[in-house]
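Chains, contacts and geometry: an overview
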Amino acid sequence: MADIILREAVSSDLPGILALYSYLGSELAEDPAKSSAVWKKIMDSEDCHTIVAESEGRILSTCTCTIISNLTHSARPYAFVENVVTHPDAREKGYATMCLNMASEIAKANNCYKIMLMTGSKKESTLNFYRKAGYNSDDKTAFIRWL
């Protein structure tokens, strides 16, 4: 495979990112106009960073890093990572780790005091992947209330 390019997403990346999101097991918007409108909002936000690893024009892995303003911790923001996914044919090659490392660099550049993520996976291999990437599940407990 050709060299991997790691970068922030641009507007034209929407189809490739949506194709990857289909592997997350989450419901995607059925209306393309709605997806485009949300994507524009993401692209226009200084605090939303969608990171992609691509090769030969094909997006192989992605994650989103959102910077969240905060009044505690000396008013330092924190970062939240979501939608980490790699195409099944490109897994276990380090692409998602590259994306997570870039998210960490973005968080550091924004003076974040922490970066966190949640996963719905209970698979030990997925949990070990996040541990190996430097995340731990010991410091906080996550709760979700679906709306």
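The following refers to the structure shown. These numbers come from a predicted model, not from an experiment.

For the chain, the count of helices and strands is four helices and five strands. Going residue by residue from the N terminus, the α and β elements of the chain occur as β-α-α-β-β-β-α-β-α. In terms of overall dimensions, the chain is globule-like: its C-alpha atoms have a radius of gyration of 15 Å, near the 15 Å expected for 147 residues. With the principal axes as the frame, the chain shows a C-alpha extent of 40 × 35 × 30 Å. Counting the 147 residues in the chain, one finds 33% classified as buried. Counting contacts in the chain only where the partners sit at least 6 residues apart, residues at least 24 apart contribute 62% of the total. Within the structure as shown, the chain displays about 9700 Å² of accessible surface, and the carbon and sulfur contribution to it stands at 52%.

With that out of the way, let us pick up the packing of aromatic side chains. The tally for this structure, following the rule as stated, stands at two aromatic pairs. With a centroid separation of 6.4 Å and 70° between ring planes, the pair formed by Y78 and Y113 is classed as edge-to-face. Of this pair, Y78 sits in strand β4 (residues 78-86) while Y113 sits in the loop between α3 (95-109) and β5 (115-117); the two residues are 35 residues apart in sequence, bridging distant segments of the chain. Look at Y78 and you get buried, because its relative accessible area is 18%. Overall, Y113 belongs to the partly exposed group, its relative accessible area being 26%.

To continue, consider the environment of F143. Locating F143 in the fold gives a position in the segment after α4 (124-132). Sequence spacing of F143 and L60 is 83 residues, and the spatial spacing of their C-alpha atoms is 30 Å.

This part is about the sheet that holds β5. Reading across the sheet, the five strands line up as β1-β2-β3-β4-β5 and stay open at both edges, with mixed pairing between neighbours. On the outer flanks of this sheet lie β1 (5-8) and β5, each paired with one strand and no other. Taking the axes of each pair of neighbouring strands and ignoring which way they run, one obtains an average angle of 25° across the sheet.

The axes of two packed helices give the description: the angle between them and the distance between them. Relative orientation of the contacting elements helix α1 (residues 14-21) and helix α2 (residues 32-44) amounts to 110°, with a least axis distance of 11 Å. Between α1 and α2, the angle falls in the class roughly perpendicular. Packed against α1, whose contacting residues are L14, I17 and L18, the element α2 presents S35, S36 and W39 at the interface. Taken together, the residues that form the contact of α1 with α2 break down as four nonpolar, two polar and no charged.

A word on the pairing of β4. Burial of β4 is extensive: seven of the nine residues sit out of reach of the surface. Two elements, strand β3 (residues 58-68) and β4, share seven bridges in a ladder whose sense is antiparallel. Considered in β4, the bridge of I68 is made with Y78. You can see the chain leave β4, run along α3 and come back into β5, and the turn it takes is right-handed.

What counts, and at which threshold
Along each chain, residue indices are assigned from 1 in the same order as the chain's sequence is written. Where totals are concerned, whole chains, interfaces and linings use all residues; where local detail is concerned, this predicted model gives features only for residues with pLDDT of at least 70, and gives and counts side-chain atom pairs only at 80 or more. Excluding hydrogens and water, the side-chain values take into account all heavy atoms of the structure. Numbering of helices and strands starts at the N terminus; helices are DSSP runs of H or I of at least 4 residues and strands are runs of E of at least 2. C-alpha atoms define the radius of gyration in this analysis, and the globule rule sets the expected value at 2.2 Å times the number of residues to the power 0.38. Between buried and exposed lies partly exposed: a residue is buried under 20% and exposed over 50% of the maximum accessible area for its type, with that area taken using a 1.4 Å probe on protein chains only. By definition, residues are in contact when any of their heavy atoms lie within 4.5 Å. Every accessible area reported is derived by Shrake-Rupley at a probe size of 1.4 Å, with residue values counting cover from the shown protein chains alone. A pair of Phe, Tyr and Trp rings is counted when the ring centres sit within 6.5 Å of each other, with Trp represented by its six-membered ring. The angle between the planes then sorts it: under 30 degrees is stacked, over 60 is edge-to-face, the rest tilted. Paired strands, in this sense, are two strands between which DSSP finds at least two bridges. The axes are straight lines fitted to the C-alpha atoms, using for helices just the contacting stretch, and the angles between their N-to-C directions are given from 0 to 180°. Working definition: roughly parallel below 35 degrees, roughly antiparallel above 145 degrees, roughly perpendicular at 65 to 115 degrees, and oblique for all remaining angles. By the convention adopted, Pro, Cys, Tyr, Trp, Phe, Met, Ile, Leu, Val and Ala count as nonpolar, Lys, Arg, Asp and Glu as charged, and the other residues, Gly among them, as polar. Note on handedness: a crossover is taken as right-handed if, strands pointing away from the viewer, the path from the first strand over the helix to the second is clockwise.

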